[in-house]
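Coordinate analysis (summary)
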Amino acid sequence: MDILAFNLKKVDIFVRYTCFMKCTVHFYLLNDHFSEEHAEANYNGDESELNRKFEWEDELKITTEVDEIIFHENVVYPLIGDTSNGPFSYDVSAMNLFELKSEKNGSTYVGCSVSVMSSYELADENGFVIKVLLKDLEPMSNPVPGIYIAAKEFPKELIGHA
C-alpha cells in the first residue's frame, strides 16, 4: 500500500491506510571521511572495513501502534526531566521532529536538531521505517532515546548535571 505525503507549510504528513502499523526508527551518524570514490573503485560501491559509510547506527523499535507520521521542521522541543538539583523543563529550538501518532496512545516524538540532520527517508516495509542521517562533524547530545540535540542548542543549564 502506498504512503501519501502532503506538504503543508514545513509539515509533512505520512499516512498508511491500515489499522495497526509497526514503526522502526534508524539514526545513522555519517562518517565524514567515507570515500565514495574508493568504495566504487575497489568494493563495487560498498563500504569496507577501513572505509565505513556510518560511524554508528541507533535503532529504535516503537512498541506502540503508529497510525500516521507527521514531520515537523524547525520547531521547539520541550526537554523535560530531573537532575540532582530537581526537575527541569527547557524549550530546545531548531528541531526537526517526527510525530508518531497513534489514535489509542497519543503521540511519541523522535528527531534531531536542524543543524545535525543531513537527510531523512520514510519507507513502508511491512510498517513505517524512518531513516535519519546525522552529520558527523556537528557535536551533539542524545539526552532521550530518539532525540539528538546539537551542542549549540543544548540548554547550558544542564551541562555538567547528572
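For the structure itself, consult the block above.
All residue numbers refer to positions counted from 1 along the written sequence of the respective chain. Side-chain atom pairs in this predicted model are given and counted only at pLDDT of 80 or more, local residue features only at pLDDT of at least 70, and totals for whole chains, interfaces and linings cover all residues. Based on all heavy atoms of the structure, the side-chain values leave hydrogens and waters out of the count.

**Here we look at the overall build of the chain**
Starting at the N terminus, helices and strands are each numbered in turn, a helix being any DSSP run of H or I of at least four residues and a strand any DSSP run of E of at least two. When helices and strands are counted, the chain shows one helix and eleven strands. N-terminal to C-terminal, the α/β element order of the chain is β-β-β-α-β-β-β-β-β-β-β-β. Residue burial in the chain is summarised as follows: out of 162 residues, 39% are buried. Residue contacts are counted whenever heavy atoms from the two residues lie within 4.5 Å of one another. Sequence separation of 24 or more characterises 59% of the internal contacts of the chain that already satisfy a separation of 6 or more. Accessible areas in this description were obtained via Shrake-Rupley with a 1.4 Å probe; residue shielding takes into account the shown protein chains only. For the chain, the exposed surface amounts to about 9700 Å²; the carbon and sulfur share of it is 49%. Residue exposure (1.4 Å probe, protein chains only): buried if accessible area is under 20% of the type maximum, exposed if over 50%, otherwise partly exposed.

**Comments concerning the pattern of salt bridges**
By salt bridge we mean one thing: a side-chain nitrogen of Lys or Arg within 4 Å of a carboxyl oxygen of Asp or Glu. For the structure on display, the rule yields two salt bridges. Note that Lys104 and Glu65 form a salt bridge whose closest N and O atoms lie 3.8 Å from each other. Pair noted here: Lys104 is in the loop between strand E6 (86-102) and strand E7 (106-113) and Glu65 is in the loop between strand E4 (54-62) and strand E5 (68-83), with a separation of 39 residues, a long-range link. With a relative accessible area of 67%, Lys104 lands in the exposed category. Glu68 is the partner of Lys101 in a salt bridge, and the nearest nitrogen-oxygen pair spans 3.9 Å. Of this pair, Lys101 sits in strand E6 while Glu68 sits in strand E5, and the two are 33 residues apart along the sequence. On the basis of relative accessibility, which here comes to 29%, the residue Lys101 falls in the partly exposed class.

**What to know about the environment of Gly111**
Its place among the elements puts Gly111 in strand E7. Gly111 sits 84 residues away from Phe27 along the chain, and the two C-alpha atoms are 8.9 Å apart. Excluding residues that lie within four positions of it along the chain, Gly111 makes contacts with Phe27, Asn96, Leu97, Phe98, Gly146, Ile147 and Tyr148.

**Focus: unusual backbone geometry**
Of note in the backbone geometry, Asn74 takes a positive phi value of approximately 55 degrees without being a glycine. Within the secondary structure, Asn74 sits in strand E5. Residue Asn74 is classed as partly exposed on the basis of its relative accessible area, which comes to 45%. With a phi angle near 55 degrees, Ala94 is a residue other than glycine that sits in the positive phi range.

**A look at the packing of aromatic side chains**
Stacked, tilted and edge-to-face are the three classes applied to pairs of Phe, Tyr and Trp rings, where Trp contributes its six-membered ring and a pair requires centres within 6.5 Å; stacked means planes under 30 degrees apart, edge-to-face means over 60, and tilted covers the rest. Counting across every chain of the model gives six aromatic pairs. With a centroid separation of 4.7 Å and 55 degrees between ring planes, the pair formed by Phe27 and Tyr148 is classed as tilted. Here Phe27, found in strand E3 (residues 23-30), pairs with Tyr148, found in strand E11 (residues 147-150); they are 121 residues apart in sequence, far enough to count as distant. The exposure classification of Phe27 matches that of Tyr148, with both residues buried. With 5.8 Å between their ring centres and 25 degrees between their planes, Trp56 and Tyr148 make a pair best called stacked. Taken as a pair, Trp56 in strand E4 and Tyr148 in strand E11 lie far apart in primary sequence, 92 residues in all. On the basis of relative accessible area, Trp56 is assigned to the partly exposed category, the value being 33%. By relative accessible area, Tyr148 is classed as buried at 3%.

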